[in-house]
Number of protein chains: 2
Amino acid sequence: MRQLYHLPISPASRKARLVLAEKNLAFELVEERDWERRHEFLALNPAGEVPVLIEEDGTVVSGGMPIAEFLEEIEPSPRLLPETPADRAEARRLVDWFDRKFAAEVSDGLIFEKVTRRFLSAAEGGGAPDMAIVRAALHNLRYHLDYICYLMEDRRWLAGESMTLADVTAAAHLSCLDYVGDVPWGQYVGAKDWYVRIKSRPGFRPILADHVPGMPPPKLYANLDF
Amino acid sequence: MRQLYHLPISPASRKARLVLAEKNLAFELVEERDWERRHEFLALNPAGEVPVLIEEDGTVVSGGMPIAEFLEEIEPSPRLLPETPADRAEARRLVDWFDRKFAAEVSDGLIFEKVTRRFLSAAEGGGAPDMAIVRAALHNLRYHLDYICYLMEDRRWLAGESMTLADVTAAAHLSCLDYVGDVPWGQYVGAKDWYVRIKSRPGFRPILADHVPGMPPPKLYANLDF
């Protein structure tokens, strides 16, 4: 069966899982603590990062966006990129927004400080979170939630009338932050309405069942009425 | 005519310019100092970053990779992504490598310290480069040049037998570093051979003619026999 090397609290891994689920493609999850830099894993992906997808024919695809584009090509239905090049560009603009801008300003820092550091030795940078980085990320998060609310004023989904990779990508990031209890949904009604909708999709269920040892999610994480 | 808002020493802008040139698509360059956060530019791209492409019909496409994918869709010839999904995934893996990993470890820091800071006021973070960041980036650069040499051992271009977005992306980053004189080509023969080939393409000429006011490129920058 198709395998996905992943980590539970990894936005790029969650993007791959959500795309696979939306397209009804069966797969097996393999957890890979990529910071351990396991030799066999580096041979699969020299960048040393999850996610990595291994198809039944042995094809290896590395990286959240390359995996999403690959799956869109081998299984176009249901489509997660719109039909016209201009609409596809708008979806990809927002994918890029979340994978580069949101990652740099919010999720990379929060996830490293609050999750990854728990698994590292002191020599590797493990230990208590740097609260200055956490506070800066939480401050930046508010601008991004505002932007989602702004988009929701006249769109049903982030990139337009249908759900696309933009929604999947944004939800992949935000669900990781939600796991650590950091998203002030109550103050961002438009963003919350959007998240309720994507969180209710069947493909989201396995993500809501994620459990990091020693770090249980807050009660509202898996609740659809949060 | 189609317009591209860009900066000369911006890898994402150079990627867009190279793709347009390879596909023989006419365009007009408009320089946009995106750190000035001009209101009309933020209305075009809320992320406030170059490149932004404006098509003749008014379609706006923001971001290096969204622009590249858009151009590949509206003008498939000559193709810059291979034919099969697996080969396309390999090209996109390397695009992702340079746009995220190489950017974070090398080019973002070097370009900010050595170029962007020259244009900022002291309050905005302008001033002399932070040499600790420059040194770290130059140290990391060597691993990436090694990786290009490794790929060149049994490939003609980075992602396989034909030139793809992977080559365009890598060359977009490396040509920016070459402008500030930071690439030790002589010690990386495989990488240099590859760069000579892509630098010799007609579409590269306008990039070799770039000139940042007050910051002329080193003599070898535009030289094909460097």
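Only a predicted model underlies this, so the values are computations on that prediction, with no experimental measurement involved.

**Student:** How should I be thinking about empty space enclosed by the protein in this particular structure?
**Tutor:** Any empty space left between atoms is shown by rolling a water-sized probe over those atoms. Per the counting criterion, the structure on display carries 2 cavities of 30 Å³ or more. Its volume calculated, the largest cavity comes out at about 90 Å³. What lines the largest cavity is simply A:Arg93, A:Asp96, A:Trp97, A:Arg100, A:Lys101, B:Asn45, B:Ala47, B:Glu49, B:Ser62 and B:Gly63. Within the lining of the largest cavity, the residues separate by chemical class into 2 nonpolar, 3 polar and 5 charged. Computed from the structure, the second largest cavity encloses a volume of approximately 40 Å³. Around the second largest cavity, the lining residues are B:Leu18, B:Glu22, B:Met163, B:Val168, B:Ile198, B:Arg201 and B:Phe204. Here the lining of the second largest cavity is built from residues that sort into 5 nonpolar, no polar and 2 charged.

**Student:** Is there a simple way to explain the packing of aromatic side chains in this structure?
**Tutor:** How two aromatic rings sit relative to each other is set out by the distance from centre to centre and by the angle between their planes. As enumerated under the stated definition, the model contains 22 aromatic pairs over all chains in all. Taking 6.0 Å as the distance between ring centres and 20 degrees as the angle between the ring planes, the aromatic pair formed by A:Tyr147 and A:Tyr150 counts as stacked. Placement of both A:Tyr147 and A:Tyr150 in helix H5 (residues 131-152) is noted, with a separation of 3 residues, approximately one turn of the helix. Taking 4.5 Å as the distance between ring centres and 10 degrees as the angle between the ring planes, the aromatic pair formed by A:Trp185 and A:Tyr195 counts as stacked. You can see A:Trp185 sitting in the loop between helix H6 (165-179) and helix H7 (189-199) and its partner A:Tyr195 sitting in helix H7, a full 10 residues away along the chain. Accessibility classification places A:Trp185 together with A:Tyr195 in one group, the buried group. Taken together, A:Trp185, A:Trp194, A:Tyr195, A:Phe204 and A:Phe226 form an aromatic cluster joined through their ring pairs. If you follow B:Arg197 out to its NZ or CZ, it ends over the ring of B:Trp157, 4.6 Å from the centre. Its end group placed over the ring of B:Phe226, B:Lys199 keeps NZ or CZ at 4.1 Å from the ring centre.

**Student:** Help me understand the interface of chain B and chain A in this model?
**Tutor:** Interface size, as often reported, equals the accessible area lost upon joining of the parts. At the interface, 23 residues of chain B touch 23 residues of chain A. Around 2,000 Å² of area is buried between chain B and chain A when both sides are counted, 62% of it from carbon and sulfur atoms. The tally of links between chain B and chain A comes to 8 salt bridges. The salt bridge involving A:Arg88 is made with B:Glu73; its shortest N-O contact spans 2.7 Å. Linking chain B to chain A there are 6 residue pairs in polar contact (both at pLDDT 80 or more). Those elements that place two or more of their residues in the side of chain B that touches chain A are strand S4 (60-62), helix H3 (64-74) and helix H4 (85-119) of chain B.

Cut-offs and rules
All chains use their own residue numbering, which begins from 1 and follows the written sequence. Ligands are numbered from 1 and chains lettered from A, in the order in which they are written. Owing to the predicted nature of the model, reporting of local features is limited to residues with pLDDT of at least 70; listing and counting of side-chain atom pairs is limited to 80 or more, with chain, interface and lining totals taken over all residues. The basis for every side-chain value is the complete set of non-hydrogen atoms in the structure, without hydrogens or water. Detection works on a 1 Å grid of protein atoms alone, calling trapped sets that fit a 1.4 Å probe cavities and calling open sets with protein on both sides within 12 Å along at least five of seven lines pockets, with lining residues defined by an atom within 4 Å of a point. Grid points are joined across faces, edges and corners, and a volume is the space filled by probe spheres set on the points. As a working rule, the residues Ala, Val, Leu, Ile, Met, Phe, Trp, Tyr, Cys and Pro are called nonpolar, Asp, Glu, Lys and Arg charged, and the rest polar, with Gly in that last group. Note on aromatic pairs: the rings of Phe, Tyr and Trp (six-membered ring only in Trp) are paired at centre separations within 6.5 Å, and the planes decide the class, stacked below 30 degrees, edge-to-face beyond 60, tilted for the rest. Only DSSP runs of H or I covering at least 4 residues are called helices, and only runs of E covering at least 2 are called strands; the numbering of each starts at the N terminus. Only protein chains enter the accessibility calculation, which uses a 1.4 Å probe; a residue whose area is less than 20% of its type maximum is buried, one above 50% is exposed, and one in between is partly exposed. Geometrically, a charge over a ring is one whose NZ (Lys) or CZ (Arg) sits within 6 Å of the ring centre while staying within 35 degrees of the ring normal. By the convention used here, residues are in contact when the closest approach between their heavy atoms is within 4.5 Å. Two parts placed together each lose some accessible area; with a 1.4 Å probe, that loss summed over both constitutes the buried area. Salt bridge, as used here: a side-chain nitrogen of Lys or Arg that lies within 4 Å of a carboxyl oxygen of Asp or Glu. Two N or O atoms count as a polar contact when they lie within 3.5 Å, although within protein this holds only if one can serve as hydrogen donor and the other as acceptor, and sequence-adjacent residues are included solely when both atoms are side-chain atoms.

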